[in-house]
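# Secondary and tertiary structure notes
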Amino acid sequence: MATLEIRDLHVSVGDGSDGAKEILRGVDLTVKAGEIHAIMGPNGSGKSTLAYAVAGHPKYEITSGSVTLDGEDVLEMSVDERARAGLFLAMQYPVEVPGVSVSNFLRSAVTAVRGEAPKLREFTKEMKRAMDDLSIDPAFAQRSLNEGFSGGEKKRHEILQLELLRPKVAVLDETDSGLDVDALKVVSEGINRFSGGETGVLLITHYTRILRYVQPDFVHVFAGGRIVAAGGPELAEELENEGYEKYVKAGVSA
Ligand SMILES: Nc1ncnc2c1ncn2[C@@H]1O[C@H](COP(=O)(O)OP(=O)(O)OP(=O)(O)O)[C@@H](O)[C@H]1O
Ligand SMILES: [Mg+2]
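Looking at an unreviewed UniProt entry, the protein chain carries the name Fe-S cluster assembly ATPase SufC, with the source organism given as Actinomadura craniellae.

Asn43, Gly44, Lys47, Ser48 and Thr49 are the nearest of the 15 residues found near ligand 1. A distance of 2.6 Å separates an oxygen atom of ligand 1 from a polar atom in the side chain of lysine 47. Within the contact set of ligand 1, a nitrogen atom lies 2.9 Å away from a side-chain nitrogen or oxygen of tyrosine 60. In isolation ligand 1 has 630 Å² of accessible area, and contact with the protein removes 68% of it. Elements that contribute at least two residues to the shell around ligand 1 include exactly strand E2 (20-32) and helix H1 (47-55). The dominant element in the shell around ligand 1, judged by the number of residues it contributes, is H1, at 3 residues.

Strand order in the open sheet made by the 6 strands is E6-E9-E10-E3-E11-E12, with mixed pairing throughout. The sheet is open, and its two borders are formed by strand E6 (87-90) and strand E12 (226-231), each paired with just one other strand. The mean inter-strand angle of the sheet, taken between neighbouring strand axes irrespective of direction, is 20 degrees. In this sheet, strand E10 (residues 200-205) lies alongside strand E3 (residues 36-40) in parallel orientation, the contact comprising 5 bridges. When the bridges of E10 are listed, histidine 37 appears paired with leucine 202. Contacts from H1 reach E3, E6, strand E9 (169-173), E10 and strand E11 (218-223), with the element oriented near 140 degrees to E6. Of the strands in this sheet, E3, E11 and E12 are in contact with helix H7 (residues 233-242), which crosses E11 at around 45 degrees.

Criteria and cut-off values
Residues numbered from 1 in each chain as written. Chains lettered and ligands numbered in written order. Predicted model: local features only at pLDDT ≥ 70, side-chain atom pairs only at ≥ 80, totals over all residues. Heavy atoms only, no water. Near = heavy atom within 4 Å. Polar contact = N/O pair within 3.5 Å; in protein donor to acceptor, adjacent residues only side chain to side chain. Areas by Shrake-Rupley, 256 points an atom, 1.4 Å probe, with all protein chains shown as cover. Helix = DSSP H or I, 4+ residues; strand = E, 2+ residues; numbered from the N terminus. Pairing = 2+ DSSP bridges. Axes fitted to C-alpha atoms, helices over the stretch in contact; angles between N-to-C directions. Contact = heavy atoms within 4.5 Å.

See below:
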């Protein structure tokens, strides 16, 4: 069974002048196939930094700790190798690529992950079926990648990639603030289709709203660059009612 293991991860980001600032201060997390984990925490607590570090973004320096997928050292892998190994990372602010269509992008991504190019006709069918399931307008396939995408379109595209790539572990950095209720439902249904299956999901958010539709198995509270509390879905309820205040204090004093 696929397992992503993050152990005592410390990550710094350089500001270019007076050295590096430590953002992640010892993160421990294990995500297994079929599990949904939610990471919740206030703005600036380091949630996206965790996603970027696992994705291999060059700005984020791993100063200590480890990340493994099925025992393989993820930190030694190139960004492409991470995708081939079965990691999927959806970023809060995806890059716009004018001139590359969604369908071309998806076919290249599928080719990279599967190790061979799918036949064009078969791929087109597969893509259309997945788009239909997600209520995505067929014309969307010809749009330029991420260019002018609305919040809802970005998220639908994210789930479309999940459907086609079938990763072992997906890290989704959600701007669920930008989603209307319909988009939220489509995205949630997409995520729910993976739960109990072969994919482990790490859902990053600071609102509990999406958790009305997605039932996480585990909720982790992130503050001050580390996980300061963990529990089941009831923890999300508590956060909704009481906010992060007590955890922020714990994060600072830890
Ligand atoms: N590339 C960078 N350069 C400088 N500082 C950075 C960089 N990336 C992150 N930081 C800093 O690291 C801290 C954590 O940021 P991060 O984006 O991980 O927070 P977050 O928990 O995702 O917040 P939000 O809920 O607003 O998305 C912030 O103080 C941020 O300014
Ligand atoms: Mg963020």
